Amino acid sequence: MTLISFVVPAYRVQGYLRECLDSILDQPFGDLEVIGVDDASPDACGEILAEYAARDGRVRPVRLAENVGLGPARNLGLDRAVGEYVWFVDGDDWLVPGCLPHVADRLRDSRPDVLIVDHVRAHWNDVATRSAMRDVFPDPPGPETFALRDRPETVKLLHTAWNRLVRREFLLDRGLRFAPGWYEDVSFSYPALMAADRIGVLDRVCLNYRQRRTGAITRTRGEKHFEVFAQWHRVFRLMDRWGMAELRPVIFERMVWHHLTVLGNDARIAPELRAPFFAQMHADHVHFRPPGGYPVPVGAEGLKHRLVAAGRWRTFSALREVHRARDVTRETAGRTRRRVTPVVRRTARRARDAALREYYRAELRRPIDPTLAVYAAYWYRGYSCNPAAIYEAARRLAPQVRGVWIVRRDRVATLPPGVEYVVAGTREYHRVLARAHWLVNNVNFPDFVRKRQGSVHVQTHHGTPVKVMGLDQQRYPVGAMGMNFAGLLRRVDRWDYSVTSNSFSTQMWERAYPADHTTLEVGYPRNDRLARATAEECRRVRAGLGIGPEEYVVLYAPTHREHLPGWRPPFDPDRMRDVLGPAGRLLMRSHYFHDRERRPRGPAAGGVLDVSGYDRVEDLYLAADVLVTDYSSAMFDYAVLDRPIVVYAPDWDAYRVARGVYLDLLAEPPGAVAVDFSGLLDLFRCGAVDDEAAGRARAAFRARFCALDDGHAAERVVRRVFLGETPGNGYRPVT
């Protein structure tokens, strides 16, 4: 018999589901199965579960025809489970590496009905807060099991399903299942503890409980929070049915505590619902109070209990406001103390910047220009990438929109003829940022830019991510040095739309940039040109680069290592050129972060040409017969052309540890792979660059990442964002 069945319900957790599944399947323990329940999720959860099932037989996906909610979805998983124990892990949480052998040892040694494991709350800002395990059990219980009547303090551990494993036969014997609705854990976890003869506690952190910035019910206001009352009613009905009156005082105290917790959360109960919520609390207090009373807490918490018992809402509310006002006063005083440090920096540039900011604020008070769209790319480096493709499509499809580009002064000469622009940092720059109806960028606009009501911010991004991004970088501090994540989230909160090229990108961006924007999963606009490219255009581009029709062109385009400034992968262009032979031509392009290091080059020397300063990278893709790269998003773009790609990853192990990656390129590459330079040369010598195995890998890669790149991505963005239309095929909005 399988020891542990994991039941993983999934609904709108596509950004986190891979991490959850990996945390289970990568454990040094294999006696498990995963029942992944796609609760009719409108995002890619079903696709992810199917993908994992295809490569790991321990994963069994279940697809529901309609959304049933977390409780019923868990029940469906339980019905299909075969393990001796069941662990209900939510799709946005994840296990601690290496925890399962310890869990398995405890299960086998003590055979509990319920085993509670420790957890931490993993907040979006990478701060982890411990659970109440140490407070409830200052002295760990050890391997011995017990009944709830012997250790009633156990009820003070968080009453969730995911911090405990439950023996499956025990659940079936007792008929324990999850009720529908919110707070479904209440009417499952407490009855399980009441009915269990053998409760175990493992004093080891085994699960990360993700505190999501958006999307969690604990951050969602509404009347559905009233469903907490019905769940507690179920608990007391079971208690009465099972004749467990001796547990009533401790369970009752937990009910009042829980009601107070929900009421005290401003993100759950709106002001107009507080009085009726309190009234129901009072009614339940009267109805379920044990005849002999219960242990009322001391201090302020005890006062709350007594006010609930008496039904004194006005007093309760008034005292709450007094405490809140006191907290606000303390916080304000603290901020004032922090601001008293004098700042004595009065340069002419700062004075000018202050004047321009004042001008910007004045422009914010003027009406938005309903026809103005502002475009930028790569921190104002020029006209390129997805914003350029959207700009061109908007000129064709929405000529009433006036497009203005922001560029650095040293990049003005790179703009195509006829493109209207302003120079970054000027008075005109501040004016268009303040007055624009649409703001389109593949990175974020500066922090001083304010999101005006009626303006539309479009984040196009600039590649499918291999390396971790956004909030996920907090786990890789070497690659995130100097990053201000709170500032990042303020910028992300300005987004109205996030353009993604494929489902994988959508999933990763949802986790890296949690906010309430709408995702446009439409393909990458910058790849429209690649999808529509003709043989004649490729010949014309090659001729413009001085490349003959018979030459064999290799483009080498490595990415930037933020954690290793100045480091370059070992690469000898002369040795590569020798292997390519007389007809070979090598193009070398550095990452755009290195543009200050670019030096003008003359004609190609010995068949090697530095194209780092070439502005249109799409031209280089069209000219190349083979792309050699490492962890750059260039591979996803180049794959649209269906030409050979070689992954050259000499520092793969170090990179994935220091910088973090979303994709195992050695396991799922777009073609042949080399981990050292001699191996790279051997691939070209023996023809493995484009053999049958490389072709199969490229086909699978294209099917996964390039399916939406059909040449019409920019049009889909323009029709949705500028014209308010909903495009047809190939478009999937995700909110």
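Heads up: the structure comes first, above all this text.
What comes next is a walk through the structure. Since we're looking at a predicted model, the values are computed, not measured.

1. Notes on the overall build of the protein chain
And step 1. Helix and strand content of the protein chain: 26 helices and 23 strands.
And step 2. If you line up the protein chain on its principal axes, its C-alpha atoms span 95 × 65 × 50 Å.
And step 3. Out of the 735 residues belonging to the protein chain, those deemed buried represent 55%.
And step 4. Restricting to contacts in the protein chain with at least 6 residues of sequence separation, those with at least 24 account for 74%.
And step 5. When the accessible surface of the protein chain is summed, it comes to about 32,100 Å², and 51% of that surface belongs to carbon and sulfur atoms.
And step 6. Charge centroids of the protein chain, computed over 107 positive and 92 negative side chains, lie 8 Å from each other.

2. A look at the environment of His560
And step 1. The residue His560 is located in the loop between β17 (552-556) and α20 (573-580) in this model.
And step 2. Put simply, His560 and Tyr294 are 266 residues apart on the chain and 63 Å apart in space, counted from C-alpha to C-alpha.

3. Structural notes on the nonpolar core
And step 1. Within the largest apolar cluster, 65 residues are counted, with the highest numbers of intra-cluster contacts made by Phe170, Met194, Trp232 and Ile251.
And step 2. Contacts of Trp232, omitting those with residues within four sequence positions, involve Val186, Tyr190, Ile251, Arg254, Met255, His258 and His259.
And step 3. Grouped together as the second largest cluster of nonpolar side chains are 53 residues, Trp509, Leu622, Met635 and Ala639 included.

4. Here's the deal with the packing of helix α9 (residues 248-263) against helix α11 (residues 299-310)
And step 1. One can describe the packing of α9 onto α11 by two numbers: an axis separation of 11 Å at closest approach and a directional angle of 95°. If you check the angle between α9 and α11, you find them roughly perpendicular. Listed contacts from α11 to Glu253, Val256, Trp257 and Leu260 of α9 are Glu301, Lys304, His305 and Val308.
And step 2. The class makeup of the residues in the contact of α9 with α11 is four nonpolar, one polar and three charged.

5. Brief notes about helix α25 (residues 692-705)
And step 1. Taking 1.5 Å as the rise per residue, α25 with 14 residues should run 20 Å; its terminal C-alpha atoms sit 20 Å apart, in good agreement.
And step 2. Burial in α25 covers these residues: Ala694, Ala697, Arg698, Phe701 and Phe705. When α25 is viewed along its axis, its buried side chains cluster within an angular range of 100° and face the same direction. Residues Glu692, Arg696 and Ala703 are exposed on α25 and point more than 90 degrees away from its buried face.
And step 3. Check the buried side of α25 and you find it contacts α17 (503-512), α22 (634-638) and β22 (672-674).
And step 4. Among the residues of α25, the N-terminal cap falls to Asp691, whose side-chain oxygen and the backbone nitrogen of Ala693 are separated by 3.3 Å.

Criteria and cut-off values
- Residues numbered from 1 in each chain as written.
- Predicted model: local features only at pLDDT ≥ 70, side-chain atom pairs only at ≥ 80, totals over all residues.
- Heavy atoms only, no water.
- Helix = DSSP H or I, 4+ residues; strand = E, 2+ residues; numbered from the N terminus.
- Buried < 20%, exposed > 50% of the residue type's maximum accessible area, 1.4 Å probe, protein only.
- Contact = heavy atoms within 4.5 Å.
- Areas by Shrake-Rupley, 256 points an atom, 1.4 Å probe, with all protein chains shown as cover.
- Lys, Arg positive; Asp, Glu negative; His and termini not counted.
- Charge placed at Lys NZ, Arg CZ, Asp CG, Glu CD.
- Core = buried A, V, L, I, M, F, W, Y, C linked by side-chain atoms within 4.5 Å.
- Axes fitted to C-alpha atoms, helices over the stretch in contact; angles between N-to-C directions.
- Parallel < 35°, antiparallel > 145°, perpendicular 65-115°, else oblique.
- Nonpolar A, V, L, I, M, F, W, Y, C, P; charged D, E, K, R; others polar.
- Expected span 1.5 Å × (residues − 1).
- Arc of directions from axis to C-beta.
- Polar contact = N/O pair within 3.5 Å; in protein donor to acceptor, adjacent residues only side chain to side chain.

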